[in-house]
Each structure stands twice: as C-alpha cells, then as structure tokens.
Amino acid sequence: MSNLTSLVEQQFSPHTLNKFATLMAAGNGYLGLRACHEEAYTEQTRGMYLAGFYHRASATETTELVNLPDVLQMRIELDGEIFTLLSGTVLAYRRELNFTNGELCRCVTWLAPNGKRYQIDSQRFLSAARKSLLCSRISITPLDGDAIVTISTGIDATQTNSGRQHLDEISVRIFDQLYLQGCYRTQDGSNETVIGSFCATPPEACISFSAKNRRLIQHTSASIANNRPFVMVKTSWITSSLEAGYQTQTDSERALANLMECVAQGYDTLLAESTQTWNSWWQRSRVVVDSQNAQDQRALDFALYHLFAMTPTHSERCSIAAKGLTGEGYKGHIFWDTEVFLLPFHLMTQPNIARQLLSYRWHNLPGAQAKAQKNGLQGALFPWESAWSGEEETPEYAAINIRTGLRQKVASALAEHHLVADIAWAVDAYYQATCDNEFMRLRGVTLLVETARFWISRAVEVNGRLELHDAIGPDEYTEHVNNNAYTNYLAHHNVERALHYQGKFDVPDETFVAQAKDFLHRLWLPQANDQKLIPQDDTFFSKPTIDLTRYKQHQGTQAILLDYSRAEVNEMQILKQADVVMLTYMLPWLFTSQQLEANLDYYEPRTIHDSSLSKAIHGVVAARCDRVEQGYQFWQQACLIDLGDDPHSCDDGIHAAATGAIWLGAVQGFVGLTVEQGELRLNPRLPQAWRSVSLPFCWQGEPVRLMLTDRQLSISTASSKPLTIWLGQKRLLLQGTQSLSLAEFVTPFSASSAKQEASK
C-alpha cells in the first residue's frame, strides 16, 4: 500500500537509545525484536521475545517473557577501529522505520578516530509471512582508501532479563561450515528454543568460528577497495517447543532446513513476500485521515503497525502483553487492557483475531476457577496479570521503598476484580459484532456464566441490598473502596448478559437463573445526584481536594507519589484515571448526555492522567458530548504517550493499549462508529483539522468501507443483504455504495459551534 508514513530518527543520541529501540521495534505477533543498533551500547537494552515463551527464574521471582539469545549484535572493526557512534564523529545519520512493510533502515557516515570516513548502511525486517524468519543486511563502504573490515556476529546466549538468566545452553553446532544453530532450554525444563543463523559474505572473505562463554560466533574479515561496499546478509530462523508436536531433534533439523530454504531465496525476495502480507493487513485496517496536522496520520499508522506487530495470530494460547513484544516492562504479562482497548480494533477489522483473543481466556478458565475457589468464591476470578498458565502472575510485593526499606504489598490481584467483568463485556461485544453462534455455544456462554457466578458470590448483603466491597477500579489511586461505580455497573452488565445468553442458547440452570435475577434486582448501582454526578464510590465525594495543576503538567510520571504516600492519595479526590468517565465510555446507553457532560466536567480536573489510557477515553467521551475540539486535544495528547519528546517515555516497551486507544479515539470518538446493544451506530463529529477520514470495518461477517467529510458520508458494502445502521437518530438500510448528506441526519459541528465550545 502506497503513501504510508514512516518513523524517522534524524540524529543519534545515547539518551534515546531505549526509546527508539521500542518505537522502531519489529514484530509479527510470533516474534518481537527491539530496534537496537548492530553495535553494542552499555545503556541499551537489547531484546528478542517469542510470544508465550515464559519462565520463572526462581520461587521468589515473577514469571516473565524470556529475553532470547541475541542474533542481531555485530562487533565491527574498520582498520582496527571498533565501530561505535560514541567515538569519532558522526557526519551523517538517519534511521527510518517504514510502516509499509516493517523494514528498518539506517544510514551512517562515520569519521573514525583514525581520520578515515566510512559509510555504514543496514536494513532488517521480521517476516510477516514466515513468522520465524529474521533478515538483516549490512553494507560497509570505505570512503578514504582501501580498508580491512572485521565483523563478529552469531548467536549470543549471554542475553538476560535485567540480569536474570532463564536459559541453559543444550547444544551449539556449525553445519557445513556455514550454518550456526543453538538449542536452549528454560531452567525448569519446560520450554526450548532453537535458533539458527547464516551469514552470506563475499567469496574472498576469510571466515572462522568460535563457541565460548555462551556465544556461538562467526568471525569474518575482508579487504575492501575504496568506495566498494562490503555486504553481509544475515538470515536467522527462530522457533520453539510451543509449536505443536515439537521434538528437539526433528524440529532442530526442520529449523535448519527452513533456514537453508530462506537463504537460497535472498533478502530482497523474502522482503517482497513479507510486504505482500503487510499490504493485506493495511487494506483491511488502515484509517486514512486528511488532516491539517500531518502527525495525526503518522500516529494512526504507528498505532496500527504496532497492533500488527504485537498480536499473536498463530495461537489461541497467547494474548497481547501490556508491552506487546517490544520490551520487558510488566514482565510480558497480559492485563485487562487487551479486552477493553485492543480487542475492539480487531473486532471491527479482523473478528477472527478477536475470537482468538477471547479463546485465550477460555483456555485459562480452569486457572480462573481455581483462583476464585482459593479465595472462597465461586465461578471464575481471572488473574490480574496473566501469562501462559492462567495462574495469577501479579507479584505479591512492589519494589522496595528506599526510604523505609520495606516492600509494599500489591493490591491489584487482591481487589482489582473489574477485569472479570471486562472480559465478559468483550465476549458480549464480540457476539454483537459477529453473531458467532458457534463460539457462544462452545465458549462464550461458559465465560459469561462463570464470570457471573463470581460476582454473585462476591456480593455482600447490606440492609437488604447487595453491594461490592473492597474494590479497586481502573483508577488505581483509590483503593479498597465500597461500591466502586465502574465495578458495580460492569458486574451488573456481566450478570445480565450471562442470563440473557444462557436463555438465548438454551443452557438450562434454574439455580443460576434464580441467583442472577436476585443479584440484578438487588445490586446497588451508584445513582446520579441532583448535579447529575455519579459517585465513584461510597466515600469519594466526602474526600478533600487539592490543586493538581503541577502534577497534571507532569502526567504519566506519578509525580504525586513523590509528595504524598499512596495512603494519603487514597484519602483525597485524586485520580490516576477517572472510573466514572471510563464507565460512561463502556456503557454509554445507560447515561444521558447531560450526565456524560457533568461527570466529565467534575472528574477531569481531579484526574492527573498518570495512566497512559486516560487521555484517549476522555477524548472519546468529550466528542460524544459534542466537545469535539476538547476531544481532539485529548486525542492528540494520547498520541504522544510514546511518540512525544520524553526521551524515556517507553524505554521498557511500548504502551500497547495506548495504540489501541489511538484507533478508538479516531473511530469511536470522531467518526462515531460504535456498537450499542447489538446495533451499529454512526454519530460523526470530525475535528476542524480533519477534512476527511476513510476506513474499512467488518460488521457481522461482511466487509464495509466508510468515507466521511464534515458534510458527506459514503458507505460501500458488497453484501447481498442490506446493512442496518443508525445514522444519528435515524435507522437506515443501505446496500451497495451510497452517499448521504450528513445535514439530514446529524447536527453538523461547525466553526461557530467550535467557538461556543472554546468559550465554555
């Protein structure tokens, strides 16, 4: 697909090594590769990760996604000078990630300490077509006379997770004096990975091999004429025992055969093959905006690039981690982010992926049931942090407080149970958008009923009504409260949907039906007061407020915790993200437009936005309140969570859910494309800066394409049956390609209304 944007690094800086290693990371859902330089830098965290490949180093450690042996690093000597951009002079530098196909290119002109200039160009990509394939190419050209080049590269198994070694070296081999292969096993013996590499060099090069200290290395030396390039192409194949039917010997042989096949095809052919897969992805998913601000399109392309890179489409046993496959943040664990912020994108573009992500929860249902039972509850209590097994992976304690020397207990796994209802919300959303009866019969209804049983058993009776106590909502600055609005409403929705689908799919259980009806009748749902405000919990309105201006200026850094303890923050109206605003986003049909506006006005000044997910949701809700320019400001700020100027904004990995939130803000917020209670709705509110927007989406198995300006709507569908959609307050049946004037259906958002909004 043409005209995609790219991400460019214009100059080398040791201060942004890890930021750009994350931003420019490669991925295909199976593997993730941080965009580290070929040459090593002490401060740079190198990393390659395989989806689902977890290990716990010891009983006192946390299960984490294993940082695999490094196949990217190269030790480069040019006429005896070790190539590093920390010495000599960088005369020219440019690194670019091409979103079209994920190829990363770097061009450097380096003046070495010996006074000679060299041109070093490199390219690399992870194949989108062959998930185990990594290709890289480096070209070195001397510019001031003949030169001697020496490159040492191979498979480096000294790589660790921040000092924790997870892998034992099982075997290392050189085949045919050409192919390197290492086999490595996790220290508990549960998983293996096989990694092979081949370095194609000019025939005149001198080659030798070494295997020492967990490094299997090929050493290559060559003499190069002035202005003549020396080119090395390195092809690697990475696989693991997570593959079905894996056996060490046969899969090592198969991996070697696959590597040989790829080597025979060459870098350019393999890149072209990968590009075709990328093209298909972009055609099914790309949102195109004609905006006065070029960074808007780049942010959307960046988000969708990483959504492809992080999503493991190859296995139902894997899901999307909070940092994708780009770093070691959160240990590679899966949170509620996946169902709420990432699944909606896949649901509206490739619903089979959404089904697969929900199936990950279904496979881990036994672990959730065991956790509920362990806590004296029924049904399924899904872990706050999840990995491969379905067990709770949240660490019991946080980092040591360096002032007190004590560790603070992590409360999320104990009380942040809204995740259970979030999963149920996603199951319901999936069925509404797909009408996938098979999934619901086999898995969906079970997920809904088991999560509903949990809420029914968790409720406590107070003066004849049911309440949910000791809860933590998405706002993690307010802990252990009673009747958290977000939790209560989502739990009610969970049980109501379970009851509905149990009846729809004829799954008889009279005991459950009676319990569910009683729960729905008696569960307390915090009600709006005379000012149309919904209390976040039983005590929130009684807490004091403070001026948060200084902390909002440093949002995302949790600077408030430098001045106040968590206990002190818990006793004030201070929000990491606003639970009630999030609630109105999740279940908008339950609230009036006046309630949406009143709660946005009340809670936003009390919200620091220390969560990377906060701004985008505020933007969607603001747009739904016809505050489009306020929503656009929130959305643009959300786009800068990773892409902004902070040199360390994403050192330990991308904010995966924030990429999904970028799509949500554009599509649900400004395009106004939503699904509410089984009906497809469109309420467009484009920012003034957007002249038009177009996007593909999928609705109940049929592809649809939408094109929108501030005045016109064009919808195309190839289905033989009409598309039913609500445009504003009117229900339409559309077929083929139709163009409509928005003035007939929705109130246009004009410049004059923007001025009125600004004056509020």
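About the cut-offs
Residues numbered from 1 in each chain as written. Predicted model: local features only at pLDDT ≥ 70, side-chain atom pairs only at ≥ 80, totals over all residues. Heavy atoms only, no water. Helix = DSSP H or I, 4+ residues; strand = E, 2+ residues; numbered from the N terminus. Contact = heavy atoms within 4.5 Å. Polar contact = N/O pair within 3.5 Å; in protein donor to acceptor, adjacent residues only side chain to side chain. Core = buried A, V, L, I, M, F, W, Y, C linked by side-chain atoms within 4.5 Å. Buried < 20%, exposed > 50% of the residue type's maximum accessible area, 1.4 Å probe, protein only. Pairing = 2+ DSSP bridges. 1 Å grid on protein atoms, 1.4 Å probe; cavity = no way out; pocket = protein on both sides within 12 Å on 5 of 7 lines; lining within 4 Å. Points joined across faces, edges and corners; volume = space filled by probe spheres on them. Nonpolar A, V, L, I, M, F, W, Y, C, P; charged D, E, K, R; others polar. Phe/Tyr/Trp six-rings, centres within 6.5 Å; stacked < 30°, edge-to-face > 60°. pLDDT = per-residue confidence, 0-100.

Draft legend 1. Up close: the environment of glutamine 555. With respect to the helices and strands, glutamine 555 occurs in the loop between α13 (549-552) and α14 (560-563). Along the chain, glutamine 555 and aspartate 651 lie 96 residues apart, while their C-alpha atoms are 17 Å from each other. Here glutamine 555 is in contact with Ile608, His609, Asp610, Lys615 and Gln637, once residues within four sequence places are set aside. Engagement of the side chain of glutamine 555 in a polar contact is seen with the side chain of lysine 615, the distance being 2.3 Å.

Draft legend 2. Seen up close, the nonpolar core. In this structure, Trp336, Phe341, Phe519 and Trp690 are the most contacted members of the largest nonpolar core, which totals 176 residues. A total of 11 residues in this core trace back to one element, the largest contributor, which is helix α9 (residues 418-434). Within the second largest apolar cluster, 25 residues are counted, among which are Val108, Ile140, Ile151 and Met232.

Draft legend 3. Molecular detail of the sheet that holds strand β3 (residues 31-33). Taken together, the three strands give an open sheet; going across it, the order is β2-β3-β4, and neighbouring strands pair in antiparallel fashion. Lying at the two open borders of the sheet, with one neighbouring strand each, are β2 (26-27) and β4 (48-50). Pairing of β3 with β4, which is carried by three bridges, proceeds in the antiparallel orientation. Bridge assignment links leucine 33 to a residue of β4, and that residue is methionine 48.

Draft legend 4. The arrangement of the layout of surface pockets in detail. Of the pockets and cavities examined, the second largest pocket occupies roughly 560 Å³. As for the second largest pocket, its lining consists of 23 residues, of which Ser593, Arg624, Glu676, Asn683 and Gln729 are closest to the centre. Looking at the lining of the second largest pocket, the elements that each hand over two or more residues are α17 (593-603), α18 (614-624), α20 (656-671) and β25 (673-676). Broken down by class, the residue content of the lining of the second largest pocket amounts to eight nonpolar, 10 polar and five charged.

Draft legend 5. Inspection of the packing of aromatic side chains at higher detail. If you walk through the whole model with that rule in mind, you get 34 aromatic pairs. Between tryptophan 336 and phenylalanine 341, the aromatic rings sit 5.5 Å apart at their centres with planes inclined by 80°, giving edge-to-face as the arrangement. Residue tryptophan 336 shares its accessibility class with phenylalanine 341, and that shared class is buried. On the basis of an interplanar angle of 70° and a centroid distance of 6.2 Å, the ring pair of tyrosine 632 and phenylalanine 670 is categorised as edge-to-face. Taken together, the residues span a long stretch of sequence, with tyrosine 632 in helix α19 (residues 628-643) and phenylalanine 670 in helix α20 at a distance of 38 residues.

Draft legend 6. Structural context of unusual backbone geometry. Positioned with a positive phi, cysteine 435 is a non-glycine residue whose angle comes to about 55°. Its location among the elements puts cysteine 435 in the loop between α9 and α10 (437-458). Non-glycine residue glutamine 700 carries a positive phi angle of around 50°. Here glutamine 700 shows up in the loop between β27 (690-699) and β28 (702-709).

Draft legend 7. Broad picture of the pairing of strand β31 (residues 730-734). Where strand β30 (residues 723-727) and β31 come together, five bridges link them in antiparallel fashion. Note that in β31 the partner of leucine 727 across the bridge is lysine 730. Connecting the antiparallel pair β30 and β31 is a turn made up of two residues, with glycine 728 showing a positive phi of about 65°.

Draft legend 8. The arrangement of the pairing of strand β19 (residues 230-240) in detail. Across the 11 residues of β19, 10 count as buried, placing the element largely inside the fold. Note that strand β12 (residues 133-142) and β19 share eight bridges and pair antiparallel. Paired with isoleucine 138 across the bridge in β19 is methionine 232. For strand β16 (residues 192-200) and β19, the ladder comprises eight bridges, and the chain directions are antiparallel. Residue pairing across strands places threonine 193 opposite serine 240, the latter belonging to β19.

Draft legend 9. Molecular detail of the confidence of the model for the chain. The predicted model of the chain has a mean per-residue pLDDT of 95, with 97% of residues at 70 or higher. Taken as a whole, residues 748-760 scores under 50 in pLDDT and shows 16 contacts with residues more than four places along the chain or in a different chain.

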